[in-house]
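# Understanding the architecture of this molecule
Here is what each chain is made of, one letter per residue.
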Amino acid sequence: MDNRGSPSLQYDIDDPRFRIHPSQQMVSACSGALLTSLFMTPLDVVKTRLQAQQKLLLSNKCFLYCNGLMDHLCPCGTNGVLSRTPHLNGTIDAFVKISQGEGVKALWSGLSPTLVLALPTTVIYFVAYEQLRVRAKDRHMRFFPEDHTTPWWIALGAGSAARIIAASIVSPLELVRTKMQSQKLSYWEVRQALKSMINTQGILGLWTGLRATLMRDVPFSGIYWTSYESFKGICGVTGSPSLTFSFFGGALSGSIAAILTTPFDVVKTHKQIELGEKLIYTDTPKKIPKSDESVLAALEKIYKLHGIRGLFAGIIPRLVKVAPACAIMLSSFEYGKDFFHKYNVQQFHRRSLNE
């Protein structure tokens, strides 16, 4: 039998004959999001409780946290986390007190809202990235057939565009979900919440806060995928990377992106909290005037008030969350891609033999 027909040989994962279908990409992304949520939610619950008791980090009604997959606006009043959490003296103490006082399940208290939107967001994001990447790579290989790597500019463009697509689709759902949680609305009252939002803000009001989200997430996504694909090129990885490589590559890429975009994260956090107080955490939302403050102006304002430290406030907690989340998510996604790639290779050869 010709060696070229052996399914044990290594084939380019982007080879059109064995390319992973969008449905297979969806399963890979979904499994990665599930694992990331399961592993990161307890750590994020603890960090949220620790941050919530620091009054300087709180606004009057809400604060923002991120579990590595998505952000959440949380209420701080009598129904918020402060009222049910005793004083915590560190990470270990928080794990113990939360587990004893509220039960072990409380460590996964943020899991449900995460899965409701993190799963579709992650699926849309990763599938969009893969589809954009392979199509741009196909065109690139027409001119450079010997280059089997993904150029940095393809990763940059595909990562940025994928984030814009995912955030734009899910933004209205996130706004409604947060309002439902803050006011304890039932699913039957979603229509009323939507109607109230549209009456006060207009149809475009459902995308309120999107710009604040994109100004951080688009640069993060672009830098993240550019770093990861560059690492693969430097290490000579042209096929499916090993689980170890994708895990550490994801952590390193996520860390680089997190460090470089921390100033944007600070601005985004301020704007999201302001949005939450004016629109989401109120029973009678009013028309919000369009903010004329640009990102650069906001960065300059923070720098004048707090210096360089203000621009990089919270960088350590952010790295602690982002690095492992990116590592788990990307390694799970790459493992799923490799699994389906091998399956597609086997199916291809099976069909060839039958023919």
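These numbers were taken from a predicted model, which means no experiment stands behind them. (Residues numbered from 1 in each chain as written. Predicted model: local features only at pLDDT ≥ 70, side-chain atom pairs only at ≥ 80, totals over all residues. Heavy atoms only, no water.)

## A short note on the packing of helix H6 (residues 210-234) against helix H9 (residues 315-354)
Where H6 meets H9, the axes come as close as 13 Å, and the angle between the chain directions of the two elements is 55°. On the basis of the axis angle, H6 is oblique to H9. The handedness of the crossing between H6 and H9 comes out as right-handed. Facing H6, whose interface residues are Arg216, Phe220, Tyr224, Trp225, Tyr228 and Lys232, H9 presents Arg318, Val322, Cys326, Leu330 and Glu334. Broken down by class, the residue content of the contact of H6 with H9 amounts to seven nonpolar, no polar and four charged. (Axes fitted to C-alpha atoms, helices over the stretch in contact; angles between N-to-C directions. Helix = DSSP H or I, 4+ residues; strand = E, 2+ residues; numbered from the N terminus. Parallel < 35°, antiparallel > 145°, perpendicular 65-115°, else oblique. Left-handed = near helix turned anticlockwise from the far one by under 90°. Contact = heavy atoms within 4.5 Å. Nonpolar A, V, L, I, M, F, W, Y, C, P; charged D, E, K, R; others polar.)

## Quick notes on helix H2 (residues 91-102)
A rise of 1.5 Å per residue sets the reference length of H2, with its twelve residues, at 16 Å; its end C-alpha atoms lie 16 Å apart and thus fit the reference within 8%. Gly103 lies just past H2 and shows a positive phi near 95°. (Expected span 1.5 Å × (residues − 1).)

## A few points about the pattern of salt bridges
This structure, assessed with the given rule, holds twelve salt bridges. Across the pair Arg133 and Glu130 runs a salt bridge, and its minimum N-O distance is 3.0 Å. With Arg133 and Glu130 both in helix H3 (residues 111-143) and three residues apart, the pair spans about one turn of that helix. Neither Arg133 nor Glu130 differs from the other in exposure class; each is buried. Taken together, the shared-partner salt bridges connect Asp14, Glu130, Arg133, Lys137, Glu334 and Lys337 into one network. (Salt bridge = Lys/Arg side-chain N within 4 Å of Asp/Glu carboxyl O. Buried < 20%, exposed > 50% of the residue type's maximum accessible area, 1.4 Å probe, protein only.)

## Notes on the nonpolar core
Ranked by size, the top nonpolar core spans 26 residues in total, and within it Tyr125, Phe126, Tyr129, Phe220, Tyr224, Trp225 and Leu330 carry the most contacts. Per element, the largest residue contribution to this core is seven residues, and it comes from H3. Not counting residues within four places of it along the chain, the set of residues in contact with Leu330 comprises Phe126, Tyr224, Trp225, Tyr228, Ser246 and Gly250. Ala212, Val267, Ala298 and Leu311 belong to the second-largest nonpolar core, a separate cluster that totals eight residues. (Core = buried A, V, L, I, M, F, W, Y, C linked by side-chain atoms within 4.5 Å.)

## Considerations on the packing of aromatic side chains
Taken as a whole and assessed by the stated rule, the structure comprises twelve aromatic pairs. Ring centres of Phe18 and Phe348 lie 5.1 Å apart, and the angle between their planes is 85°; on these two criteria the pair is classed as edge-to-face. Within this pair, whereas Phe18 is found in the segment before helix H1 (22-52), its partner Phe348 is found in helix H9, the two being separated by 330 residues in sequence. Classification of Phe18 by relative accessible area gives buried; the value is 1%. For Phe348, a relative accessible area of 23% corresponds to the partly exposed category. Taken together, a centroid distance of 6.5 Å and an interplanar angle of 55° make the contact between Tyr125 and Trp225 tilted. Of this pair, Tyr125 sits in helix H3 while Trp225 sits in helix H6, and the two are 100 residues apart along the sequence. For Tyr125, a relative accessible area of 6% translates into the label buried. Residue classification places Trp225 among the buried positions, given a relative accessible area of 1%. Put simply, the rings of Tyr125, Phe126, Tyr129, Phe220, Tyr224, Trp225, Tyr228, Phe245 and Phe333 touch in pairs and so form one group of aromatic residues. Note that Arg163 overlies the ring of Tyr125, its terminal NZ or CZ placed 3.9 Å from the centroid. (Phe/Tyr/Trp six-rings, centres within 6.5 Å; stacked < 30°, edge-to-face > 60°. Lys NZ or Arg CZ within 6 Å of the ring centre and 35° of its normal.)

## Brief notes about a nonpolar patch on the surface
Together, Leu35, Leu38, Phe39, Val104 and Trp108 line one region of the surface with nonpolar side chains, adding up to about 480 Å² of accessible area. Among the secondary structure elements, Leu35 is positioned in helix H1. Owing to a relative accessible area of 36%, Leu35 belongs among the partly exposed residues under this scheme. (Patch = residues over 30% accessible without salt bridge, like charges linked within 9 Å, V, L, I, M, F, W, Y side chains within 5 Å. Areas by Shrake-Rupley, 256 points an atom, 1.4 Å probe, with all protein chains shown as cover.)

## So, helix H8 (residues 295-311)
Between its first and last C-alpha atoms H8 spans 12 Å; for 17 residues at 1.5 Å apiece the expected length is 24 Å, and the helix comes up short by more than 12%. Inspection of H8 places Ala298, Leu299, Ile302, Gly307, Gly310 and Leu311 among the buried residues, and these make up the whole buried set.

## Observations regarding the confidence of the model for the protein
Of the residues in the protein, 72% reach a pLDDT of 70 or more, and the chain-wide mean stands at 77. A low-confidence stretch, residues 54-59 (pLDDT under 50), is modelled with eight contacts involving residues beyond four sequence positions or located in other chains. (pLDDT = per-residue confidence, 0-100.)

## Comments concerning empty space enclosed by the protein
One pass over the full model with this rule turns up two cavities of 30 Å³ or more. In this structure, the largest cavity occupies an estimated 120 Å³ of space. Considering the residues around the largest cavity, the lining is formed by 17 residues, among which Lys137, Thr150, Glu229, Lys232 and Thr238 are closest to the centre. Secondary-structure elements contributing two or more residues to the lining of the largest cavity are H3, H6 and H9. For the lining of the largest cavity, the element with the highest residue contribution is H6, accounting for three residues. (1 Å grid on protein atoms, 1.4 Å probe; cavity = no way out; pocket = protein on both sides within 12 Å on 5 of 7 lines; lining within 4 Å. Points joined across faces, edges and corners; volume = space filled by probe spheres on them.)

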